[in-house]
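Spelled out from the first residue to the last, the chains are:
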Amino acid sequence: MPAPEAGELSCFEPADLVDLVCYHAIEATVWRKLSPLSGIPGHGWAGAMEALTERVRVATGVTMMLEAHAARIVHELRARGLPHRLVKGAAFAGALYPQISDRPYTDVDILVPAAVLDDVGAAMVASGFALAVLPRPEKAEIYREQKWIREGEPHLLIEVHTDLVHLPAMRRRVTFGFQQVEIADYGGTSPASGHLLTAVVHGAIGHKFHQLKLAVDVLQAIRRLGGAMPQAIAAARQLDLTYELAAAASLVGRLFPDAQADAPINGLASLMDTPRWLDRDTITNAHLRGDIRSRFRRFAFRWQQKRHAAADDQ
């Protein structure tokens, strides 16, 4: 959508809007759309834009450093012949967004088969990273992820996953490890399908859609589907992700006005009946600590996910 007119922003308190933008991790896109505006009415806008500019500058710098380290790690993994996939932010930025800078990320996520985890660890050490010492080290096994950091650069985090479904209770129904990603993107031949299902797993299963960023990832992935929509649907059915795919598409359609008339979004949303109460308030009120509606809806959705049985193929 085009940038808003300056007058349309006069009803917002600048600091409140910046807080919301930061909570939902969409600083880069909002900054790009607001920075050309001048003369925004109301006290405090200059300071708010300065703060937002600084946050985007820092986020961009961190992303660029992570991108450089990710390239080195991927080179090391390839040299050792270890299967791996960059997933989530590091993969979404270049593949789904019109400008890479619109999708900064604070860590790099690498998905690997569990069988090569020790070998991947050796590659991480060779790349200059050390396994982070966690307050509860048993969580690494429970959540099937390892956190790697560099000495002197604790803000540069690499997460190595063997399954993107971290909650054990959810993994009894659905998993999304290296083998499942291979199914999702058809062995790398249909990346659009793989990105969409990864975004669905990340948003709907990993975080219960508590940020706009997660919904925007799904929106951008659907926009990039093109002719791969039948493949994405078939893969979702095979992986028992049809319910989450339909719920994510339905939520996106209710969040963004222009998406309501989008045929692919409507087509995906109609795959299964999903809760009508999973709506824009689920996300837009997530930051309100005194408002339990968003929290209740997201946990009710998780409750349904845990008990949802795979629908028979039609």
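Residues numbered from 1 in each chain as written. Predicted model: local features only at pLDDT ≥ 70, side-chain atom pairs only at ≥ 80, totals over all residues. Heavy atoms only, no water.

A.B. asks: Quick question: what am I supposed to make of the overall build of the protein here?
C.D. replies: Along the backbone of the protein there are 15 helices and five strands. On C-alpha atoms alone, the protein measures out to a radius of gyration of 20 Å, which is about the 20 Å that the 2.2 N^0.38 rule sets for 314 residues. Projected onto the principal axes, the alpha-carbon positions of the protein cover approximately 60 × 55 × 40 Å. The buried share of the protein, reckoned over its 314 residues, is 49%. Counting only contacts in the protein whose residues sit at least 6 apart along the sequence, the fraction spanning at least 24 positions is 70%. Surface summary for the protein: the accessible area is close to 15,400 Å², and the carbon and sulfur share equals 55%. (Helix = DSSP H or I, 4+ residues; strand = E, 2+ residues; numbered from the N terminus. Rg over C-alpha atoms; globule rule 2.2 N^0.38 Å. Buried < 20%, exposed > 50% of the residue type's maximum accessible area, 1.4 Å probe, protein only. Contact = heavy atoms within 4.5 Å. Areas by Shrake-Rupley, 256 points an atom, 1.4 Å probe, with all protein chains shown as cover.)

A.B. asks: Help me understand the environment of Asp185, please; the structure alone is not making it clear to me.
C.D. replies: Summarising the element assignment, Asp185 is placed in the loop between helix H8 (178–184) and helix H9 (191–206). You can call Asp185 buried: its relative accessible area is 7%. Sequence separation of Asp185 and Arg295 is 110 residues, and the distance between their C-alpha atoms is 32 Å. In contact with Asp185, other than residues within four places in its own chain, are Arg85, Ser190, Pro191 and Gly194.

A.B. asks: Help me out: how do you make sense of the pairing of strand E4 (residues 145–150) in this one?
C.D. replies: Residues in a regular strand project their side chains so that they alternate between the two faces of the sheet. As defined by bridge partners, strand E3 (residues 130–131) adjoins E4 across two bridges and the pair is classed as antiparallel. Note that in E4 the partner of Ala130 across the bridge is Ile149. (Pairing = 2+ DSSP bridges.)

A.B. asks: Just to check I follow, could you spell out the pairing of strand E2 (residues 107–111) for this structure?
C.D. replies: Most of E2 sits out of view: five of its five residues are buried. Every second residue of E2 is oriented toward a common face, with Asp107, Asp109 and Leu111 on one face and Val108 and Ile110 on the other, all of them buried. Bridge count for strand E1 (residues 85–87) against E2 is three bridges, and the pairing is antiparallel. Note on E2: the bridge partner recorded for Arg85 is Leu111. In this structure, E2 lies alongside strand E5 (residues 153–161), joined through five bridges in parallel fashion.

A.B. asks: Would you explain the pattern of salt bridges in this entry?
C.D. replies: Side-chain pairs of opposite charge can arise whenever the charged atoms involved come near each other. Scanning the entire structure with this criterion turns up 16 salt bridges. Linking Asp185 and Arg85 is a salt bridge whose minimum nitrogen-to-oxygen distance equals 2.3 Å. With Asp185 in the loop between H8 and H9 and Arg85 in strand E1, this residue pair connects regions lying 100 residues apart in the sequence. Across this residue pair, the class does not change: Asp185 and Arg85 are buried. (Salt bridge = Lys/Arg side-chain N within 4 Å of Asp/Glu carboxyl O.)

A.B. asks: Please explain helix H10 (residues 212–223) as it appears in this structure.
C.D. replies: Over its twelve residues, H10 runs 16 Å from end to end, which matches the ideal 16 Å to within 8%, given 1.5 Å per residue. With respect to burial, H10 is a largely interior element, eleven of its twelve residues being buried. What H10 keeps buried is the set Leu212, Lys213, Leu214, Ala215, Val216, Asp217, Val218, Leu219, Gln220, Ala221 and Ile222. (Expected span 1.5 Å × (residues − 1).)

A.B. asks: What is the right way to look at the sheet that holds E3 in this model?
C.D. replies: Backbone-to-backbone hydrogen bonds join strands into a sheet, with any given pair of strands oriented parallel or antiparallel. Here we have five strands laid out as an open sheet, ordered E1-E2-E5-E4-E3, and mixed in their pairing. The two strands at the open ends of the sheet, each matched to only one other strand, are E1 and E3.

A.B. asks: I keep staring at the packing of aromatic side chains and nothing clicks. Help me out?
C.D. replies: In this description, an aromatic ring pair is defined by two values, namely the gap between the centres and the angle between the planes. Per the stated rule, a full pass over the model turns up one aromatic pair. Where Tyr243 meets Phe301, the ring centres are 6.0 Å apart and the plane angle is 25°; that geometry is what we call stacked. Taken together, the residues Tyr243 in helix H12 (residues 242–255) and Phe301 in helix H15 (residues 293–307) connect sequence positions 58 residues apart. On the basis of relative accessible area, Tyr243 is assigned to the buried category, the value being 4%. Since its relative accessible area comes to 1%, Phe301 is described here as buried. Lying across the ring of Phe178, Arg85 places its NZ or CZ 5.7 Å from the centre. Seen from the ring of Phe299, Lys208 lies directly overhead, with NZ or CZ sitting 4.5 Å from the centre. (Phe/Tyr/Trp six-rings, centres within 6.5 Å; stacked < 30°, edge-to-face > 60°. Lys NZ or Arg CZ within 6 Å of the ring centre and 35° of its normal.)

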